[in-house]
Amino acid sequence: LVEPAEVEHALNSHPEVGSAVVVVTETDAGPEMHAFAVPVAGAVFTQRDLRRWLASRLPRFLWPAEIHIVDALPLGRTGKVDRARLAASAAERR
């Protein structure tokens, strides 16, 4: 069972993550979660650091397939995170 909100909550609780969003993409193998994390100013972390953080909070089956560290999350015209654009970006990176 894919629970992006639970993964988002865990990532957003990291003290050096300014914001994080999780999107689900469809693959031939089924749904796949991708996380996008924006560091707070001056923070530096790696995918490995965030995986360790998630490992201490979530069961393995809830870990995203990929964690992308980005400078900013894309916003739509309404000012909300453009999740469709993130999902398209995740699909391109596969």
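Relevant structure appears above.
Note that the coordinates shown come from a computational prediction; the quantities given were computed from them, not determined experimentally.

Engineer: Looking at this structure, I do not really get the sheet that holds strand β1 (residues 17-27). What am I missing?
Structural biologist: In a beta sheet, neighbouring strands are held together by backbone hydrogen bonds and run either parallel or antiparallel to one another. Sheet architecture is open: three strands sit in the order β1-β2-β3, paired in mixed fashion. Edge positions in the sheet fall to β1 and β3 (66-69), since each of these pairs with one other strand and no more. Strand after strand, the sheet turns through a mean of 25° between neighbouring axes, direction not considered. With 10 bridges connecting them, β1 and strand β2 (residues 30-39) associate as antiparallel partners. Within β2, the position partnered with Glu26 by the bridge is Pro31.

Engineer: Explain the nonpolar core here, please?
Structural biologist: Nonpolar side chains in soluble globular proteins generally cluster together in the buried interior. In terms of nonpolar packing, the biggest core is built from 15 residues, with Val7, Leu11, Leu50 and Leu54 touching the most fellow members. Only α1 (4-12), β1, β2 and α2 (47-55) provide two or more residues apiece to this core. Leu54 has contacts with Val7, Ala10, Leu11, Trp63, Pro64 and Ile67, leaving out every residue within four places of it along the chain. Core analysis: the next-biggest nonpolar cluster, separate from the first, contains nine residues, Val23, Leu73, Ala87 and Ala90 among them.

How each quantity is defined
- For every chain, the first residue of its written sequence is number 1, and the numbers climb from 1 along that sequence.
- In keeping with the predicted nature of the model, local features appear solely for residues at pLDDT of at least 70, side-chain atom pairs appear and are counted solely at 80 or more, and the whole-chain, interface and lining totals rest on all residues.
- Side-chain metrics in this entry use all non-hydrogen atoms of the structure; hydrogen atoms and water are not considered.
- A pair of strands is treated as paired once DSSP finds two or more bridges between them.
- Secondary structure elements follow DSSP: runs of H or I no shorter than four residues count as helices, runs of E no shorter than two count as strands, and numbering proceeds from the N terminus.
- Between N-to-C directions, angles span 0 to 180 degrees; the directions come from axes that are lines fitted to C-alpha atoms, helices contributing only their stretch in contact.
- Only buried residues count toward a nonpolar core, which is a set of Ala, Val, Leu, Ile, Met, Phe, Trp, Tyr and Cys residues joined through side-chain atoms within 4.5 Å.
- Between buried and exposed lies partly exposed: a residue is buried under 20% and exposed over 50% of the maximum accessible area for its type, with that area taken using a 1.4 Å probe on protein chains only.
- Contact between two residues is taken to exist if any of their heavy atoms lie within 4.5 Å; hydrogens are not considered.

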